[in-house]
Amino acid sequence: MSGVAAEFRRLFGREPEGVWTAPGRINLIGEHTDYNDGFALPIALPHSLDVAAARRPDGVVRLSSRQFPDVFEAPLADLVPASVPGWAAYQAGTLWALLDEGYPVSGMDLLVDSAIPTGTGLSTSAAVCCATVLAATGLHGCAPAPAEVARLAQRSENDFVGMPCGIMDQSAVMLSDRGRALFLDCRSLAAEQVPFDPAAHGMSLLVVDTRAPRRLVEGAYAQRRRSCEEAARILGVRALRDVSPEELPGALAALPDDLVRRRVRHVVTENARVLETVDLFREGRPRAAGPLFTASHASLRDDFEVSVPEVDTAVEAALSAGALGARITGGGFGGCVIALVESGLVAECGRAVRAAFAERGFGEPVVFTALPSAGARRLS
Ligand code: GAF
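Just so you know, these numbers come straight off a predicted model, no measurement behind them.

K.L.:
Sorry, what's going on with the site of the ligand here?
P.N.:
Every residue close to the ligand is listed here: Asn27, Glu31, His32, Asp34, Tyr35, Cys165, Gly166, Met168, Asp169, Gly330 and Gly331. Of the residues contributing to the shell around the ligand, the split by class is three nonpolar, five polar and three charged.

K.L.:
How should the domain arrangement of the chain be read in this particular structure?
P.N.:
Domain annotation of the chain identifies domain 1 (2–193) and domain 2 (197–370). On a C-alpha basis, the centroid separation for the pair domain 1 and domain 2 is 25 Å. Among the secondary structure elements, those contributing two or more residues to the side of domain 1 that touches domain 2 are strand 1 (18–27), strand 2 (39–40), strand 3 (42–55) and strand 7 (180–185). For the side of domain 1 that touches domain 2, the per-class residue count stands at 15 nonpolar, ten polar and three charged.

K.L.:
It is not clear to me how the sheet that holds strand 9 (residues 203–209) should be interpreted in this structure. Could you clarify?
P.N.:
If you walk across this open sheet you meet the four strands as 10-11-9-12, and the pairing is antiparallel. Two strands close off the open sheet at either side, each with one partner strand: strand 10 (325–329) and strand 12 (366–369). For this sheet, the mean inter-axis angle between neighbouring strands, taken without regard to orientation, is 25°. One ladder, built from seven bridges, connects strand 9 with strand 11 (residues 336–342); its direction is antiparallel. Opposite Met203, over in strand 11, you have Glu342 as the bridge partner. Those strands touched by helix 9 (residues 290–302) are strand 10 and strand 11, and its axis lies near 40° from that of strand 10.

K.L.:
How do you make sense of the UniProt feature "domain: GHMP kinase N-terminal" (unreviewed entry) in the chain when you look at a structure like this?
P.N.:
According to UniProt, the "domain: GHMP kinase N-terminal" (unreviewed entry) feature falls on residues 95–175. Spanning residues 95–175, this segment combines 57% helix with 9% strand, and its end C-alpha atoms are found 21 Å apart.

K.L.:
Looking at this structure, I do not really get the packing of helix 3 (residues 124–139) against helix 5 (residues 168–175). What am I missing?
P.N.:
For the pair helix 3 and helix 5, the least separation of the axes is 9 Å and the interaxial angle reads 55°. Relative to helix 5, the element helix 3 lies oblique. At the point where helix 3 passes helix 5, the crossing takes the right-handed sense. Together, Ala126, Ala127, Cys129 and Cys130 of helix 3 and Asp169, Gln170, Val173 and Met174 of helix 5 make up the contact between the two elements. Among the residues forming the contact of helix 3 with helix 5, the class breakdown is six nonpolar, one polar and one charged.

K.L.:
Quick question: what am I supposed to make of the UniProt feature "domain: GHMP kinase C-terminal" (unreviewed entry) in the chain here?
P.N.:
Taken from the UniProt record, the annotation "domain: GHMP kinase C-terminal" (unreviewed entry) applies to residues 279–358. What you have in residues 279–358 is 52% helix and 15% strand, and the ends, taken at the C-alpha atoms, are 38 Å apart.

K.L.:
What is the right way to look at helix 6 (residues 217–235) in this model?
P.N.:
Turn by turn, an α-helix covers 3.6 residues, leaving residues three or four places apart pointing in a common direction. Here helix 6 contains 19 residues, and its C-alpha end-to-end distance of 27 Å stays within 8% of the 27 Å for a straight helix at 1.5 Å per residue. Listed as buried for helix 6 are Arg224, Cys228, Ala231 and Ala232. The arc that holds the buried residues of helix 6, viewed along the axis, is 100°, so those residues lie on one side. Of the residues in helix 6, the exposed ones pointing more than 90 degrees away from the buried face are Gly219, Gln223, Arg226 and Arg233. Elements that come into contact with the buried residues of helix 6 comprise helix 8 (258–282). Gly236 occupies a position one or two residues after helix 6 and carries a positive phi of about 70°.

K.L.:
Help me understand unusual backbone geometry, please; the structure alone is not making it clear to me.
P.N.:
Only a minority of non-glycine residues have a phi that is not negative, and only a minority of peptide bonds are not trans. A positive phi angle, close to 60°, is found at His32, a residue other than glycine. Mapped onto the elements, His32 comes out in the loop between strand 1 and strand 2. Despite not being glycine, Ala82 shows a phi value in the positive range, around 65°. Position of Ala82 relative to the elements: it lies in the loop between strand 5 (72–75) and helix 2 (88–100).

K.L.:
I'm lost on helix 2 in this one. Help?
P.N.:
Between its first and last C-alpha, helix 2 extends 18 Å over 13 residues, near the 18 Å set by a 1.5 Å rise per residue. Taking burial as the measure, the 13 residues of helix 2 include eleven buried ones, the bulk of the element. Where helix 2 is buried, its residues touch strand 4 (60–65), strand 5, strand 6 (108–114), helix 3 and helix 4 (146–161). Looking one or two places after helix 2, you find Gly102, whose phi comes out positive at around 85°.

K.L.:
Hey, could you run me through the pairing of strand 8 (residues 191–195) in this one?
P.N.:
Each regular strand carries side chains that alternate between the two faces of the sheet. Strand direction decides the pairing type here: strand 7 and strand 8, joined by five bridges, are antiparallel. Opposite Arg180, over in strand 8, you have Pro195 as the bridge partner. The turn linking strand 7 back onto strand 8 is made up of five residues, and Leu189 within it adopts a positive phi angle of 65°.

Thresholds applied
- Residues numbered from 1 in each chain as written.
- Predicted model: local features only at pLDDT ≥ 70, side-chain atom pairs only at ≥ 80, totals over all residues.
- Near = placed C-beta within 6 Å.
- Nonpolar A, V, L, I, M, F, W, Y, C, P; charged D, E, K, R; others polar.
- Domains from an automatic or database assignment.
- Helix = DSSP H or I, 4+ residues; strand = E, 2+ residues; numbered from the N terminus.
- Pairing = 2+ DSSP bridges.
- Axes fitted to C-alpha atoms, helices over the stretch in contact; angles between N-to-C directions.
- Contact = placed C-beta atoms within 7 Å.
- UniProt positions renumbered as here; feature names shortened; annotations may be inferred.
- Parallel < 35°, antiparallel > 145°, perpendicular 65-115°, else oblique.
- Left-handed = near helix turned anticlockwise from the far one by under 90°.
- Expected span 1.5 Å × (residues − 1).
- Buried ≥ 20, exposed ≤ 12 C-beta atoms within 10 Å, placed from the backbone.
- Arc of directions from axis to C-beta.

Below, the structure is given as structure tokens:
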């Protein structure tokens, strides 16, 4: 019996009817582009969380997590946006979204057990929401398509929790595959698996969890999103996706202030970097994507202003130890850095990052390597 099933039995005094799993994600490139209708290129992590669940006949939901062990309990029909505190909000919001859209969900007990490092920008929240959609619909005999699961999970975050995120994280959780990166068009929602197997090319994908405290994340994220929407309105386009690199100088000249100009420059150049990276992956030349990763970081640091000193230190240390490219991954304001590294240099890069952190007086980072892994699914 899996750990989450045994804990479910201990907590709720009965057997779960099923167990589902959902991975965390890292985004290789294409940051803050999803809510601009643009492109992204995430992979699923080998780290995942499991959800055990069983129906209840009385319409009540009991929600818990091994990492945050309080039990939230309420009638499903009473759930309203912004009413649930803490982590249970993600599970509750997902059940609320399903009910609101007419899915046949009812009361249930639901327990999450996560091995995704939390608070690190590796998308535990999207994994919780996606696994909860799978569990709740699976228990009631329906099986929405993976892209629909992603949309419902996003709705939980947008309309219940109040986080105005795009669709990238949930798509990565649902649509990823081993040995591939997910090329996502966030306007059409077309998703293509492109080959990305660093080990086959003698490389590794290094992840540095900087453990920098992520502060003001949601407010700053919402501000970035508002700036982009405002710029699109001024430029008369549906979204910044509609500004091409060739049109960028004219667009910048038409914008009233420097801050908005820099936000626009990031989004337009980042979309172009995703397309270039995808071409390199398709041609079997992932090594050549290194400089694009580093350029993406500079753009997120200087133009989009979502980096912090710990993150910049990790990027610089990895690059000076010979990484082919390095960048912040995810929404920013702390969190993780990824570096594309020749396999023989992994240990050296890790050492260099730890030494640079010690020198700057930062807490010790956690360094690991990741392979592109499978998306969410039912386990039992
Ligand atoms: C967060 C959001 F949830 C995503 O939708 C995306 O915007 C990302 O930040 C930045 O690329 O993870």
